[in-house]
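Residue-level listing of the chains:
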Amino acid sequence: MRFRAFKSLFFLGILFASFHLFYGVIYENHLGEGTDSDVLYPFLFARDIWMGTGIGWNLPPSTTLFPDIFLSILLYPITGSVESFHLIYGFFVFLLPFAFAQSLGLKKSNSYLVSLGFLVLAGLDPNQLGQFFFPSFHGMTFLFAAWVLYELKHWEEKGKHQSIRFLFLITMIWLSEYWFFVNIAPFLFVLVWIRLRWKSLVPFGMTLFGFFLSKIFAKGFSFFGIGIIKTESFELIPKLKSSLLLMIQNPSQSLEGILASITKDPLIYQWWERYLVIGIVFFMITSFRFFERNHWKDFLFFLSPFVTIVFLNLFQIEPNIRYLYILPFGFLYFSFRSMELNLWFQKIFPTFILVALFIFYLGKHSDLITKIKSGEAKRTHRMECLMDFDPNVPGASSYWPIKYIYAFSDKKWTLVPFTKDGVYYPWVANTTWDGSWKDQPFPSFPWGVTESKENLQIWQGVELVKECEGWYFFQRKGSGGNNKPKN
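Residues numbered from 1 in each chain as written. Predicted model: local features only at pLDDT ≥ 70, side-chain atom pairs only at ≥ 80, totals over all residues. Heavy atoms only, no water.

Tell me what's going on with the sheet that holds strand 6 (residues 462-468), and back it up with residues and numbers.
Taken together, 5 strands build an open sheet; the order of strands is 4-3-5-7-6 and the sheet is mixed. Only two strands of the sheet have a single neighbouring strand rather than two, namely strand 4 (415-417) and strand 6. Adjacent strand axes in the sheet meet at a mean angle of 30°, parallel and antiparallel pairs treated alike. Relative to strand 7 (residues 471-476), strand 6 is paired through 6 bridges, and the arrangement is antiparallel. Among the inter-strand pairings, Val462 is bridged to a residue of strand 7, identified as Arg476. Helix 19 (residues 399-408) contacts strand 3 (395-397), strand 4, strand 5 (447-450) and strand 7 of the sheet and is inclined by roughly 145° relative to strand 4. (Pairing = 2+ DSSP bridges. Helix = DSSP H or I, 4+ residues; strand = E, 2+ residues; numbered from the N terminus. Axes fitted to C-alpha atoms, helices over the stretch in contact; angles between N-to-C directions. Contact = heavy atoms within 4.5 Å.)

Quick rundown of a nonpolar patch on the surface? Include the residues and the values.
Taken together, the side chains of Phe6, Phe10, Phe11 and Ile14 make up a nonpolar region of the molecular surface, amounting to roughly 400 Å² of accessible area. Judged by its relative accessible area of 52%, Phe10 falls in the exposed class. (Patch = residues over 30% accessible without salt bridge, like charges linked within 9 Å, V, L, I, M, F, W, Y side chains within 5 Å. Areas by Shrake-Rupley, 256 points an atom, 1.4 Å probe, with all protein chains shown as cover. Salt bridge = Lys/Arg side-chain N within 4 Å of Asp/Glu carboxyl O. Buried < 20%, exposed > 50% of the residue type's maximum accessible area, 1.4 Å probe, protein only.)

Quick rundown of helix 17 (residues 326-339)? Include the residues and the values.
For helix 17, spanning 14 residues, the distance from its first C-alpha to its last is 19 Å, which sits close to the expected 20 Å at 1.5 Å a residue. By the criterion of burial, helix 17 is predominantly enclosed, with 13 of the 14 residues buried. (Expected span 1.5 Å × (residues − 1).)

Go over the pattern of salt bridges, please, and point to the residues and values.
Under the counting rule described, the total for this entry stands at 11 salt bridges. The closest approach of N and O atoms between Glu151 and Arg165, which form a salt bridge, is 2.6 Å. Taken together, the residues span a long stretch of sequence, with Glu151 in helix 7 (residues 141-153) and Arg165 in helix 8 (residues 160-176) at a distance of 14 residues. Residue Lys371 is joined to Asp367 by a salt bridge in which the shortest nitrogen-to-oxygen separation is 3.6 Å. Of this pair, Lys371 and Asp367 both sit in helix 18 (residues 343-386), 4 residues apart, roughly one helical turn. The partly exposed category is assigned to Lys371, whose relative accessible area is 43%.

As structure tokens, then:
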């Protein structure tokens, strides 16, 4: 078993290395867009822990402490840069679609292609699907789902280690990844009930117990100076109550809201179309053998994104592809599942698809190289523009650029986060970075940086002094000295 696992890992490593430019494009594009700050916080969290300055962090409700943060802490000492750190992490996430597809019953050869297909799709759409390969962006939902399916498969063994392992897993999920319960948990809930019947009370009870344990763990982190922003901050329960009331009083309006949430975002709507088409094709092929080979389980899994979109609507959360990774994954899964129904397809197609993808990759090679170099140049230029300002004078900033600068600059900057309304905004950040400056009002900062020109129009008394790769450096009118950029 260990040899087979190593062989699979080795082959996946070869695939990742062979198609690594897709990851390079994801990396360079993503760190140039608005989501770069949360992508970087696990790396900076780990660096602060190793440097002894970890006190003061605030983490989101879905903390991603396990395994994202734990993995980051382990990786930091053995990686020489933020780029190599994310490369290793990206490979780890690359393994997850393979693991999840296998846990659902897909053959190994096709499971390899699910992981590779996800990488190719993300490389073609790095700003959206590319988020999957970064820490704190919910890709670990696939790991948790595969792990729970493994525990379910071995539940009848009744070993004490198995029970402890499951309780640990479910507690870490409650602590780290709420999106698991929106995406995969409903499917697993029904699956557990069908397979275990009355015995399912044990895992359900352990799930409830794990919820209370996670609350204890969350409180314990406060003793280490690590705060967790609670879900109460988002008023989820009042939103849920109002949504349920609307559903009872006006079900047609609720249905319209769900349909609108599917069609509003063009990318999500596009993936819904693809998912529905491949799902319908798959179930048409298997309609005459529905009760064979666990096709009923495939049908339950097929319903997962429908349940997710209802949950998002109930909690009034704007749909985003990172909450619906199940759509591209399901598209790949049901595509290859359909091929398994034909013996000839099963033997020939995996090799054919792999060769076709490699030829496609070679055709995109020069374009991918150009995009990677463009991303590297953008980052270098931003840091050069930043160097025109005095690092000894604290500046104000909108939220996104701060951790980007902390990760890629070799100087110690003090940039204090503010909203567009000029209100201090720590969100996911280490408040000790800001020192006593977090108590200073926004107008007291003589310079700063923002990624939106709209902010400069709102902020009174500032003027644009430098525009650099989508960042806008500003200076407060009337200030001078070392804070003027050198032209």
